[in-house]
Amino acid sequence: MDQSLTFIVGCSGAEWVSVRTEPHREDWSMSTTLRFVGLDVHKESIVIAVADRGRSPAAVVGEIANDWPALRRVLERLGSTATLQLCYEAGPTGFALARRLQAAGYHISVVAPSLVPKLTGRRVKTDRRDALQLAYFLRSGDLVAVAIPAAETEAMRDLERTRDDAKNAERSARHQLDKFLLRHGHRWSERKWTVRHRTWIRQCDLGHAAQTRVRDDYLRAEQEAGERVRRLEQDLAELVETWPLRPLVVALQALRGVQLLTAVILVAEIGDFRRFASPPKLTAYLGLVPSEHSSGESRQQGRITRCGNRHVRRVLIESAWNYRLRPRVSPAIARRRELVSPQVRGIAEKAEQRLSRRFERLKNRGKSGPKAVTAIARELAGFVWAISRAEPLLCS
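None of the values given here were measured: they were computed from a predicted structure.

**Student:** In this structure, what is going on with the side chain of threonine 262? I would like to understand it.
**Tutor:** With respect to the helices, strands and loops of the structure, threonine 262 is situated in helix H8 (residues 260-270). In contact with threonine 262, not counting residues within four places along its chain, are Gly257, Val315 and Ser319.

Put into structure tokens, the structure is as follows:
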């Protein structure tokens, strides 16, 4: 019985290109023709598809366990490292496989899943079809690769994201305790989570022993969450001293509103700034540019696209709120600027003057605070890019 399948996976010109998949057992290890390999990677398995140069259909080679020796054997049968171009989608399996393939000499791309072309008329999705689609679009050049971070940078990114998770847990614990007290008629109208506020929480008379124990448990959970945040922030401060990208972290702190944590997030999340040829490319990557729907003489712009890295977008918007105030060099900012080169110091001073004036102009034009701050964050990203391109970052 013929078990081969035919899939429509792409369009060339005005005609659909069909892809026929069949079991392959040939030994292609002596081939010198460039081949394009799509890997549909999962926790337990990898489906492999290959497309040759030209317009020949892509074919599924097979499905193997997610095991490095097994994958290496299949790739060696497909061809030499110089004749294979591989790709797989970014996802929960991370970059470990990509680093192994790079170390073995393969050309590997990790592609953005959200930017893989989709066929609107296709209603069937399987692992085999996904692998075929990756091989096909890798050959046509329609895939967008994401940057594979250095191992040290990814490790620091994991640490700052863990701190972010801990902060969210602390916020959730505080919210639960606050609403529990509100349900039972206890309201605090002053600044929260100070020593006075915590003392007031302990002195609240809830009337029943069960509710008192609930209050104590909520308070203990909030304190433990706060200790976890402080512990992770201390780890960040210690490990950044040995990080190869420490000079850039120090340089970015010359900007108003950017301290150690924000600088670490910017550097760890963006990684190699050299991949952005200009500030507009960086702001587009961060999703800080307006969305647009234009046709003919009509041009409509909407809210920001919110594509790309949401962690960097969030901290830039948080930092941008500092520019609602008039330019002023605080003692802390002055100390941070003493550590950087005159070139970086000049960029930071220019940013402070320009962004404060721009925020004031936007407010005078009737823009709301959040809209004005988003515009300031977009320009602040440009100054971050400029500092990353400065030749000397620190004082000699």
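So, next bit.
**Student:** Honestly, the packing of helix H4 (residues 151-183) against H8 in this entry has me stumped. Any pointers?
**Tutor:** Angle between the axes and distance between the axes are the two parameters that describe a pair of packed helices. Where H4 meets H8, the closest approach of the two axes is 9 Å, and the angle between their N-to-C directions is 135°. With respect to H8, the element H4 is oriented oblique. Handedness of the H4/H8 crossing: left-handed. From H4, Thr153, Met156, Arg157, Glu160, Arg161 and Arg163 reach across to H8, where they touch Leu261, Val264, Ile265, Val267, Ala268 and Glu269. Of the residues belonging to the contact of H4 with H8, the class tally is 6 nonpolar, 1 polar and 5 charged.

**Student:** Please clarify how the pattern of salt bridges should be interpreted in this entry.
**Tutor:** Between side chains of opposite charge, pairing is possible as soon as their charged atoms come close. Taken as a whole, this structure holds 26 salt bridges when the rule is applied. The residue arginine 35 makes a salt bridge to aspartate 52 at a minimum N-O spacing of 2.6 Å. Of this pair, arginine 35 sits in strand S3 (residues 35-41) while aspartate 52 sits in strand S4 (residues 45-52), and the two are 17 residues apart along the sequence. Arginine 122 is the partner of aspartate 130 in a salt bridge, and the nearest nitrogen-oxygen pair spans 3.6 Å. Here arginine 122 falls in the partly exposed class, since its relative accessible area comes to 21%. Several salt bridges share partner residues, and in doing so they unite Lys167, Glu170, Arg174, Arg198 and Glu222 into one network.

**Student:** Can you help me understand helix H1 (residues 68-78) in this one?
**Tutor:** Think of an α-helix as 3.6 residues a turn; residues three or four steps apart then line up on the same face. Regarding H1, the residues found buried are Trp68, Ala70, Leu71, Val74, Leu75 and Leu78. The buried side chains of H1 occupy one side of the element, clustering within an arc of 160° when seen end-on.

**Student:** Is there a simple way to think about the side chain of arginine 215 in this case?
**Tutor:** Tracing the backbone shows arginine 215 in helix H6 (residues 209-239). When neighbours within four sequence positions are excluded, arginine 215 is seen to be in contact with Leu177, Phe180, Leu181, Ile201, Arg202, Gln203, Cys204 and Leu206.

**Student:** I'm lost on the packing of aromatic side chains in this one. Help?
**Tutor:** Each aromatic ring pair is summarised here by two numbers: the centre-to-centre distance and the angle between the ring planes. Applying the stated criterion across every chain, the model contains 4 aromatic pairs. Ring centres of tryptophan 188 and tryptophan 200 lie 5.2 Å apart, and the angle between their planes is 45°; this geometry places the pair in the tilted category. With tryptophan 188 in the loop between H4 and helix H5 (195-203) and tryptophan 200 in helix H5, the pair connects residues that are 12 residues apart, well separated along the chain. Ring centres of phenylalanine 276 and tyrosine 285 lie 5.0 Å apart, and the angle between their planes is 45°; this geometry places the pair in the tilted category.

**Student:** Help me understand the pairing of strand S8 (residues 290-295), please; the structure alone is not making it clear to me.
**Tutor:** Looking down a regular strand, the side chains alternate between one sheet face and the other. Bridge count for S8 against strand S9 (residues 298-304) is 5 bridges, and the pairing is antiparallel. Paired with glutamate 292 across the two strands is glutamine 301, which belongs to S9. Where S8 hands over to S9, the hairpin turn is made up of 2 residues, of which glycine 296 adopts a positive phi near 60°.

**Student:** Could you clarify how one ought to interpret the sheet that holds strand S7 (residues 107-111) in this entry?
**Tutor:** The pairing of strands in a sheet comes from backbone hydrogen bonds and takes either a parallel or an antiparallel form. Across the sheet, 5 strands lie side by side as S5-S4-S3-S6-S7; this open sheet has mixed pairing. Only two strands of the sheet have a single partner each, and these edge strands are strand S5 (59-65) and S7. Across the sheet, the mean angle separating the axes of adjacent strands is 20° when strand polarity is ignored. Judged from the 7 bridges that link them, S3 and S4 form a sheet pairing that is antiparallel. Paired with valine 41 across the strands is isoleucine 46, a residue of S4. On the sheet, helix H2 (residues 96-103) packs against S3, S4, strand S6 (84-89) and S7 and is oriented at approximately 165° with respect to S7. Each of S3, S4, S5, S6 and S7 is contacted by helix H3 (residues 127-140), which is oriented at about 145° to S3, the strand it contacts most.

Basis of the calculations
Starting afresh in each chain, residues are numbered from 1 along the sequence in its written order. It should be noted that, the model being predicted, local features are given only for residues of pLDDT at least 70 and side-chain atom pairs only at 80 or more, the latter also being counted only at that level, while totals for whole chains, interfaces and linings use all residues. By convention in this description, side-chain values take in all heavy atoms of the structure and omit both hydrogens and water. A run of H or I in DSSP counts as a helix once it spans at least four residues, and a run of E counts as a strand once it spans at least two, with each numbered from the N terminus. By the convention used here, residues are in contact when the closest approach between their heavy atoms is within 4.5 Å. For every element, the axis is a line fit to its C-alpha atoms; helices are fit only across the contacting stretch, and the angle between N-to-C directions ranges from 0 to 180 degrees. Any angle that is under 35 degrees is reported as roughly parallel, and any over 145 degrees as roughly antiparallel; angles of 65 to 115 degrees are reported as roughly perpendicular and all others as oblique. By definition, turning the near helix anticlockwise from the far helix through less than a right angle yields a left-handed crossing, and turning it clockwise yields a right-handed one. Residue polarity is assigned by list, with Asp, Glu, Lys and Arg as charged and Ala, Val, Leu, Ile, Met, Phe, Trp, Tyr, Cys and Pro as nonpolar; anything else, Gly included, falls into the polar class. Salt bridges are defined by distance alone: a side-chain nitrogen of Lys or Arg within 4 Å of a carboxyl oxygen of Asp or Glu. For the exposure calls, accessible area comes from a 1.4 Å probe over protein chains only, and a residue counts as buried if that area is under 20% of its type's maximum, exposed if over 50%, partly exposed in between. The arc in question is the one spanned by the directions pointing from the helix axis to the C-beta atoms. Between the rings of Phe, Tyr and Trp (Trp by its six-membered ring), a pair exists once the centres lie within 6.5 Å; its type follows the angle of the planes, with under 30 degrees stacked, over 60 edge-to-face, and the other angles tilted. Here, any two strands with at least 2 DSSP bridges between them count as paired.

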